Amino acid sequence: EHAPCGLDDLRADAARLIADARYAEFLSSARESQDGRDIVTTLRNYMKEHPDAPHRNRLRAMLAEGYYACGDYFAMAEEMKGIDIEALPGDELERLVVTYGMALTELGGLDDARVQLLTAQLMNGRYKDEATFALAWVDYAERRYDEAVDGFCAVEEVPSLRPAALFYKAEAALEQGNYAV
């Protein structure tokens with residue numbers, strides 16, 4: 001039996017809106033969680049219950065960030081293989097690239113981390129300071145102290161980064177034998 005003109009489209013639109021509302025409700029509950037393990041569990045369960053979710057790529061990106069929050073950097077790197085990062089919205093893309101760069105530093109992949117962090121820094125968006133700090137840390141870890149100090153100086157006025165930036169800036173100076181800092 002064929003529905004009246006436009007009714008099939010209306011039904012499809014209604015189904016999409018319901019799915020989007022469930023997704024929005026899910027996102028709200030996931031974002032309220034302060035524990036990375038809760039987010040990972042919630043995301044895994046949601047993706048099992050909704051294998052064809054229209055926002056699956058974004059969910060996988062959130063799952064990767066959840067792994068990072070839990071300190072499971074290897075799982076994050078594995079999850080990244082299945083994400084189309086170019087399809088993510090701007091802020092989400094930039095945050096994921098910075099987070100992935102930081103995870104790579106934890107895994108010892110400093111060259112790959114540098115690429116990710118430079119990419120995020122060039123995005124010049126909301127997470128530029130975090131990318132600059134993490135890139136300075138990579139320079140510090142590679143004993144490129146002059147570059148590291150420049151990076152830490154660039155973010156030392158950012159309240160959330162100030163203590164760590166000052167600490168690593170002083171550490172770099174000590175490593176160079178500059179005790180006048």
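Residues numbered from 1 in each chain as written. Predicted model: local features only at pLDDT ≥ 70, side-chain atom pairs only at ≥ 80, totals over all residues. Heavy atoms only, no water.

Details of the overall build of the protein
No. 1: A count of helical and extended segments in the protein gives nine helices and zero strands.
No. 2: Listing each helix as α and each strand as β along the protein from the N terminus yields α-α-α-α-α-α-α-α-α.
No. 3: Across the 181 residues that make up the protein, the buried fraction comes to 39%.
No. 4: Summarising the internal contacts of the protein: among those between residues at least 6 apart in sequence, 46% fall at separations of at least 24.
No. 5: Counting only carbon and sulfur atoms, one obtains 51% of the accessible surface of the protein, whose full area is about 10,700 Å². (Helix = DSSP H or I, 4+ residues; strand = E, 2+ residues; numbered from the N terminus. Buried < 20%, exposed > 50% of the residue type's maximum accessible area, 1.4 Å probe, protein only. Contact = heavy atoms within 4.5 Å. Areas by Shrake-Rupley, 256 points an atom, 1.4 Å probe, with all protein chains shown as cover.)

Observations concerning the packing of aromatic side chains
One pair of aromatic rings is described through two measures. These are the centre distance and the angle between the planes.
No. 1: For the structure on display, the rule yields seven aromatic pairs.
No. 2: Aromatic pair F133 and F152: ring centres 5.4 Å apart, planes at 55 degrees, arrangement tilted. On the criterion of sequence distance, the pair formed by F133 in helix α7 (residues 128-141) and F152 in helix α8 (residues 145-155) is long-range, its members being 19 residues apart. There is no split in this pair, since F133 and F152 are both buried.
No. 3: Relative to Y168, the ring of Y140 lies with its centre 5.2 Å away and its plane at 65 degrees, an arrangement referred to as edge-to-face. Of this pair, Y140 sits in helix α7 while Y168 sits in helix α9 (residues 162-175); the two residues are 28 residues apart in sequence, bridging distant segments of the chain.
No. 4: In textbook terms, an aromatic cluster arises when at least three aromatic residues are bridged by ring pairs, as seen for F133, Y140, Y145, F152, F167 and Y168. (Phe/Tyr/Trp six-rings, centres within 6.5 Å; stacked < 30°, edge-to-face > 60°.)

Let's talk about α9
No. 1: Helix length check: α9 (14 residues) gives 20 Å between terminal C-alpha atoms against 20 Å at 1.5 Å per residue, within 8%.
No. 2: Considered for burial, the residues of α9 that qualify are A165, K169, A172 and A173. The buried residues of α9 occupy an angular sector of 100 degrees when the element is viewed end-on, so they sit on one face.
No. 3: For α9, the secondary structure elements touched by its buried residues are α7 and α8.
No. 4: Once α9 finishes, G177 follows within two positions and takes phi at roughly 80 degrees, a positive value. (Expected span 1.5 Å × (residues − 1). Arc of directions from axis to C-beta.)

Describing the packing of α7 against α8
No. 1: Close contact between α7 and α8 brings their axes to 8 Å; oriented N to C, the two are set at 155 degrees. Here α8 runs roughly antiparallel to α7, going by the angle between their axes. Considering how the two elements wind past one another, α7 and α8 form a crossing that is left-handed. Residue-level inspection shows D129, T132, F133, A136, W137, D139 and Y140 of α7 in contact with α8, the latter providing Y145, E147, A148, G151, F152, A154 and V155.
No. 2: Residue classes in the contact of α7 with α8 are distributed as nine nonpolar, two polar and three charged. (Axes fitted to C-alpha atoms, helices over the stretch in contact; angles between N-to-C directions. Parallel < 35°, antiparallel > 145°, perpendicular 65-115°, else oblique. Left-handed = near helix turned anticlockwise from the far one by under 90°. Nonpolar A, V, L, I, M, F, W, Y, C, P; charged D, E, K, R; others polar.)

A short note on the nonpolar core
No. 1: M76, M80, I83 and L96 are the most contacted members of the largest nonpolar core, which totals 34 residues.
No. 2: Within the residue set of this core, elements represented by two or more residues are α2 (36-49), α3 (56-70), α4 (73-80), α5 (90-106), α6 (110-123) and α7.
No. 3: At seven residues, the largest contribution of residues to this core is made by α5.
No. 4: Those residues in contact with M80, other than ones at most four positions away along the chain, are A64, I85, L96 and Y100.
No. 5: In this structure, A136, Y140, L161 and A165 belong to the second largest nonpolar core, which totals twelve residues. (Core = buried A, V, L, I, M, F, W, Y, C linked by side-chain atoms within 4.5 Å.)

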